[in-house]
Amino acid sequence: MSLKTHAPSTKSKIDAVFQLLKNSSKQGYIGESISQLEHALQAAFYATQEDADEETVLAALLHDIGQFCPAKEIHRMLVEDLNDADAVDLPSRPNYKDAKNVGVMGHERLGAEYLRKLGFSPKVCELVESHVVAKRYLTAVDPDYLERLSNASKLSLKFQGGPFSPENVAIFEKDPLFKRKVQLRKWDDASKVVGMNTPGLESYREMATRHLAKNPQ
Ligand SMILES: [Fe+2]
């Protein structure tokens, strides 16, 4: 008897991602009086207000998805590059311990990897992965920006490598997506407004469906 495996449908992928975001409505955004879901919806709203392209809007909506990636997905991402024998002792591996502490491994990398595996485009994934790098850039070039960061964000900056060196600033400014990455970071920072009215999560379903249809796996 042969076993048939079916690739997940676009709808089931979007359902999975949206469910993670819906669940995040119960989680507070670190150091702020709003939920993670409100934070994501505000970031996406700012992107639409500035006529960003759909990939950028989706990146804004999903930029913190790595904070809520299901544990089994994180486990699978780490196991995939190992053979079965290695995977047996995975829980004793240092990077596995890091993965359980998303803040140490980098939620931006986990989020980008999770979205990549679902079929989101390289641009969406790169923007998601960049929102910490952009913070390191902005703290290097704008002392006022560093001063305005919340205490939680100042603390996490230390673990994220601190402000960029002048050399890294120059390299980052040559990135083709440089402006978009900085803009996304600014929307991220602004998305902490208590009680702000924004379109709901389902208003992005068509956009996400269109996007995944354009990027078949
Ligand atoms: Fe964020």
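Everything that follows concerns the structure shown earlier in this document.
All of these numbers come straight from a predicted model, not from anything done at the bench. (Residues numbered from 1 in each chain as written. Predicted model: local features only at pLDDT ≥ 70, side-chain atom pairs only at ≥ 80, totals over all residues. Heavy atoms only, no water.)

Draft legend 1. Representation of the pattern of salt bridges within the structure. In the structure shown here, the tally under the stated rule is 16 salt bridges. Between Glu202 and Lys22 there is a salt bridge, and its shortest N-O distance comes to 3.8 Å. Note that Glu202 is positioned in the loop between helix H13 (178-190) and helix H14 (205-214) and Lys22 in helix H1 (residues 10-23), a separation of 180 residues in sequence. Looking at Lys22, the relative accessible area reads 36%, which means it is partly exposed. Notably, a salt bridge pairs Lys181 with Glu126, separated by 2.7 Å at the nearest N-O pair. With a gap of 55 residues between them, Lys181 in helix H13 and Glu126 in helix H9 (residues 122-141) connect regions that are remote in the sequence. Each of Lys11, Asp15, Lys22, Glu202 and Arg205 takes part in one network of salt bridges that share partners. (Salt bridge = Lys/Arg side-chain N within 4 Å of Asp/Glu carboxyl O. Helix = DSSP H or I, 4+ residues; strand = E, 2+ residues; numbered from the N terminus. Buried < 20%, exposed > 50% of the residue type's maximum accessible area, 1.4 Å probe, protein only.)

Draft legend 2. Summary view of the nonpolar core. Leu21, Leu61, Ile65, Leu115, Phe120 and Tyr204 are the most contacted members of the largest nonpolar core, which totals 39 residues. Those elements giving two or more residues to this core turn out to be H1, helix H2 (36-49), helix H3 (54-62), helix H8 (107-118), H9, H13 and H14. Here the element with the most residues in this core is H2; it accounts for seven residues. Other than its neighbours up to four places away in sequence, Leu61 contacts Phe18, Leu21, Ala40, Leu41, Ala44, Leu201 and Tyr204. (Core = buried A, V, L, I, M, F, W, Y, C linked by side-chain atoms within 4.5 Å. Contact = heavy atoms within 4.5 Å.)

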